[in-house]
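Chain by chain, the residues:
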Amino acid sequence: MSPAEIRLADLTVSHQRRPAVHHLSGRFAPGSLTAVVGPNGAGKSTLLRALAGLHRPDAGRIEGAAGQVALLPQGTALDRAFPLACRDVVLFGLWAETGAFRVIPRAGLDRAEAALEAVGLGGFARRPVGSLSAGQFQRLLFARLLLQDAPVILLDEPFNALDARTAAELLALVKRWHGEGRTVVAVLHDLDLVRRDFPETLLIARDPIAWGPTGEVLTAPNRLRARMMAEAWAEQAEACAA
Ligand SMILES: Nc1ncnc2c1ncn2[C@@H]1O[C@H](COP(=O)(O)OP(=O)(O)OP(=O)(O)O)[C@@H](O)[C@H]1O
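Residues numbered from 1 in each chain as written. Predicted model: local features only at pLDDT ≥ 70, side-chain atom pairs only at ≥ 80, totals over all residues. Heavy atoms only, no water.

Q: Break down the environment of Pro208 for me, with residues and values.
A: Examined against the element boundaries, Pro208 turns out to sit in strand β9 (residues 207-213). C-alpha separation for the pair Pro208 and Ala42, spaced 166 residues apart in sequence, amounts to 9.5 Å. If we skip the residues at most four places from it in the chain, Pro208 touches His22, His23, Leu24, Leu203 and Arg225. (Helix = DSSP H or I, 4+ residues; strand = E, 2+ residues; numbered from the N terminus. Contact = heavy atoms within 4.5 Å.)

Right under this line is the structure:
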């Protein structure tokens, strides 16, 4: 896996002209494992969606991400009522390789089965996704990431609503990806987990607060600043003029 670097240059991303990510500059180093933390509404999901190319920046640049990225969206952002079998959802991970509406080669089907096995869903290939528990569904999305095999992996609250065993098993996968040299970025709220397992942290509250080694970022003054900025947000704030 050749390591991928993502660079952000004065990035601003807005919803309806209100900035959600504001003047963010820095880099996710090749092969780094970074937690993105901050209060609710701080712009964390917006940042990940922008990195994945799903949301256009208003200003500034994202460099190095195009064609390199696989995103695990927040569970709540997905419609599970869709009439699909688990294997079909995993096979979406091959889309970039096979193109849309192509016949999936036997090797692809085997990879999908292997990915389901790897996340503890062996035997689930034909199960409708609507019948899965929240934890099983999250495992399924991790299986799709395994198939995508991307140099950069973006995870939006990957361990939410999971029991301890499922969370530990999926965390082990995240560490494996890091060990393989992939660049991994995860939005997280559990700061104990971040301190224990994520060497780098980006703390944002729409504006960047701190970015670097986790111990230097998650200080009491930085966290207080993030909280105060969140409390001071004017929801009606207009477009960024700078
Ligand atoms: N589709 C949208 N339309 C309008 N505003 C949006 C949209 N999505 C997000 N926002 C706003 O952008 C800001 C940042 O939202 P975002 O979801 O990126 O925050 P977050 O840090 O991921 O929050 P949380 O921790 O609650 O998941 C919030 O004020 C939110 O209300």
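There's more to say after this.
Q: I'd like a rundown of the packing of helix α5 (residues 134-148) against helix α6 (residues 164-179), residues and numbers included.
A: Following both chains from N to C, one finds α5 and α6 inclined at 15°, their axes separated by 11 Å at the closest point. Comparing their axes, α6 and α5 come out roughly parallel. In this structure, α5 meets α6 at a crossing whose hand is left-handed. Along its contact with α5, which presents Gly135, Gln138, Arg139, Phe142, Leu145 and Leu146, the element α6 presents Thr166, Glu169, Leu170, Leu173, Val174, Arg176 and Trp177. Looking at the contact of α5 with α6 residue by residue, the class counts come to 7 nonpolar, 3 polar and 3 charged. (Axes fitted to C-alpha atoms, helices over the stretch in contact; angles between N-to-C directions. Parallel < 35°, antiparallel > 145°, perpendicular 65-115°, else oblique. Left-handed = near helix turned anticlockwise from the far one by under 90°. Nonpolar A, V, L, I, M, F, W, Y, C, P; charged D, E, K, R; others polar.)

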